[in-house]
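Chain by chain, the residues:
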Amino acid sequence: MGFILSKKSKKCILCKKIRGKRDASNFVLYRGKHTVLLLNLYPYTNGHLMAAPKSHKKELGKLTDAELFELMKTVGLGVEVIRKTMNPDGFNIGINLGRAAGAGIPGHLHVHIVPRWIGDTGFMLSLAETKILPESVKRTYEKLKKNIRSCLTCNTPDRMDI
């Protein structure tokens, strides 16, 4: 409700978090040379992450090869840390390009990494259009942050510094 009732800024929220220094309060799990990995403040389900380039670009074709490569490696890191921490049955991974496609931040490309469990879309979502999150975003962040270092070995060590 705080978000719904608040005055909306015209500035890019991802750029604000990327330039910020308070990673814990911004739920930033990882910073690479070209990318960040952070929790979605308004998740579809617990553990919903976003991987984003640090540069404010809205199209895949505008990313450099280095940005694109690191973005996909960061998505892989997100999958691994969620898998280790939350043991989901699967993942939805996707990009919404443009507001018509569902992009909540249409000016700054980002990849959604959403853990899924068998039976996680029960009657509350289907009939009442209500999501239930059994854990706070802050608690999920703490659990993921605790495990992220061990997941860095799954990626290129010289690129995945933390």
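Nothing here was measured: the structure is a model prediction, and the numbers come from that model.

Caption draft 1: Here's a closer look at the environment of leucine 14. Here leucine 14 is to be found in helix H2 (residues 13–19). Sequence-distant contacts of leucine 14, defined by excluding residues within four places in its chain, comprise Leu38, Met50, Ala52, Ile105, His108 and His110.

Caption draft 2: Main features of the side chain of histidine 110. The topology assignment puts histidine 110 in the loop between strand E4 (90–94) and strand E5 (111–116). Owing to a relative accessible area of 5%, histidine 110 belongs among the buried residues under this scheme. Reaching out from histidine 110, the side chain makes a polar contact with the backbone oxygen of histidine 108 at a distance of 2.8 Å. Here the side chain of histidine 110 touches histidine 112 through a polar contact of 3.3 Å, side chain to side chain. Those residues in contact with histidine 110 that lie beyond four places of it in its chain are Leu14, Met50, Ala51, Ala52, Gly94, Ile95 and Ile105.

Parameters and conventions
- Residues numbered from 1 in each chain as written.
- Predicted model: local features only at pLDDT ≥ 70, side-chain atom pairs only at ≥ 80, totals over all residues.
- Heavy atoms only, no water.
- Helix = DSSP H or I, 4+ residues; strand = E, 2+ residues; numbered from the N terminus.
- Contact = heavy atoms within 4.5 Å.
- Buried < 20%, exposed > 50% of the residue type's maximum accessible area, 1.4 Å probe, protein only.
- Polar contact = N/O pair within 3.5 Å; in protein donor to acceptor, adjacent residues only side chain to side chain.

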